[in-house]
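# Notes for the structure review
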Amino acid sequence: MAVNLTELSLSQLEGLKTQLEQETEFLSSSIAQLKVVQTKYVEAKDSLNVLKKSNEGKELLVPLTSSMYVPGTLNDVEHVLVDVGTGYFVEKNVEDSKEFFKRKIDFLTKQIEKVQPALQEKHAMKQAVVEVMNMKLQQLHSQQSSQSGTTKA
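Under an unreviewed UniProt entry, the name given to the protein chain is Prefoldin subunit 5, and the organism recorded is Astyanax mexicanus. As recorded by UniProt, the Function (unreviewed entry) comment attached to the protein chain reads in full: "Binds specifically to cytosolic chaperonin (c-CPN) and transfers target proteins to it. Binds to nascent polypeptide chain and promotes folding in an environment in which there are many competing pathways for nonnative proteins. Represses the transcriptional activity of MYC." In the Sequence similarities (unreviewed entry) part of its UniProt record, the protein chain is described as follows: "Belongs to the prefoldin subunit alpha family."

### Looking at the pairing of strand 2 (residues 68-73)
In summary, the side chains of a regular strand alternate between the two faces of the sheet. Note that strand 1 (residues 59-65) and strand 2 share 6 bridges and pair antiparallel. Bridge pairing in strand 2 links T65 to M68.

### A short note on the pattern of salt bridges
Per the counting criterion, the structure on display carries 5 salt bridges. We note a salt bridge from E56 to K53, for which the minimum N-O separation is 3.4 Å. Residue K53 is classed as exposed on the basis of its relative accessible area, which comes to 56%. Put simply, D106 and K102 hold a salt bridge, and the shortest N to O gap is 2.9 Å. Of this pair, D106 and K102 both sit in helix 2 (residues 94-152), separated by 4 residues, roughly a single helical turn. With a relative accessible area of 32%, D106 lands in the partly exposed category. Given a relative accessible area of 39%, K102 falls into the partly exposed group. Here the salt bridges do not stand alone but share partners, grouping K53, E56 and E78 into one network.

### A word on the layout of surface pockets
The calculated volume of the largest pocket comes to roughly 540 Å³. In this structure, the largest pocket is lined by 19 residues; those nearest its centre are S47, L48, L51, V80 and L81. Looking at the lining of the largest pocket, the elements that each hand over two or more residues are helix 1 (10-47), strand 1 and strand 3 (79-85).

### Description of the nonpolar core
With 18 residues, the main nonpolar core has I31, Y41, L48, L51, V80, V82 and F101 as its most contacted residues. Per-element accounting of this core gives the leading share, 8 residues, to helix 2. If we ignore the near neighbours within four places in the chain, the residues touching L48 are V80, V94, S97, K98 and F101. Listed in part, the 7 residues of the second largest apolar core include L5, L8, L20 and V129.

### Some details on the side chain of K92
As for its placement among the helices and strands, K92 is situated in strand 4 (residues 88-93). For the buried K92, no salt bridge is present, and the opposite-charge side chain at shortest range is D96, 5.7 Å distant. Once residues lying within four places of it in the same chain are set aside, the contact partners of K92 are E78, H79, V80, V82, S97 and F100.

### What about the packing of aromatic side chains?
Taken as a whole and judged by the stated rule, the model has 2 aromatic pairs. Ring centres of F100 and F101 lie 5.4 Å apart, and the angle between their planes is 70 degrees; this geometry places the pair in the edge-to-face category. Given the relative accessible area of 8%, F101 is considered buried. Through a chain of ring-to-ring contacts, the aromatic side chains of Y41, F100 and F101 assemble into a single cluster.

### Regarding the side chain of K126
Here K126 lies in helix 2. We note that K126 is buried and unpaired, the nearest opposite charge coming from E21 at a distance of 4.5 Å. Excluding its chain neighbours within four sequence positions, the residues that come into contact with K126 are K17, L20 and E21.

Conventions used here
Throughout this document, residue positions are counted from 1 along each chain, in the order its sequence is written. Owing to the predicted nature of the model, reporting of local features is limited to residues with pLDDT of at least 70; listing and counting of side-chain atom pairs is limited to 80 or more, with chain, interface and lining totals taken over all residues. By convention in this description, side-chain values take in all heavy atoms of the structure and omit both hydrogens and water. UniProt positions are given in the numbering used here, feature names are shortened, and annotations may be inferred rather than shown by experiment. Strands are labelled as partners when DSSP assigns at least two bridges between them. What counts as a helix is a DSSP run of H or I of at least four residues, what counts as a strand is a run of E of at least two, and both are numbered from the N terminus. Salt bridges are defined by distance alone: a side-chain nitrogen of Lys or Arg within 4 Å of a carboxyl oxygen of Asp or Glu. Only protein chains enter the calculation, and the probe is 1.4 Å; a residue is then buried if its accessible area is under 20% of its type maximum, exposed if over 50%, and partly exposed in between. Lining residues are defined by having an atom within 4 Å of a point belonging to a cavity or pocket. Those points lie on a 1 Å grid over the protein atoms alone, cavities being sets where a 1.4 Å probe fits but cannot get out and pockets being open sets with protein on both sides within 12 Å along at least five of seven lines. Grid points are joined across faces, edges and corners, and a volume is the space filled by probe spheres set on the points. The nonpolar core is taken to be a set of buried Ala, Val, Leu, Ile, Met, Phe, Trp, Tyr and Cys residues, with the residues joined through side-chain atoms within 4.5 Å. By definition in these notes, contact holds between two residues if any of their heavy atoms fall within 4.5 Å. The positive count covers Lys and Arg only, the negative count covers Asp and Glu only, and His and the chain ends enter neither. Centres within 6.5 Å are what make two rings of Phe, Tyr or Trp a pair, Trp counting through its six-membered ring; a difference in plane orientation under 30 degrees is then read as stacked, over 60 as edge-to-face, and the rest as tilted.

Encoded structure:
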């Protein structure tokens, strides 16, 4: 159902503008969250490049938290434990892990591409509402100034 914006009152337009602002904020936040997760998968996939035969037996720092590490030795360069969600880890070889992360990255890219047009549409709708509000405010202002001019005469 299409609504002619010029037929709405200023208060209705203000309500619509507020709703569209909330929707654009939600969609922007969703895209940002998807990009954060996508970045984590890209970093995980890239970090698999360290697992080479030439690095086997080398010392490294193992993170216990984001700011605390312990020394360790890289013993197995062919297998990793991959977090597949909800606390489950699956042992995979490096190539399967890379493919897993590639699928996740591709999925997130598609989700971002689905949300982006909706965000652009909501933003355009908000701009249209603001333009109509400005037009109505100018009309109201010109009516008030013409009425004040006729009452003085």
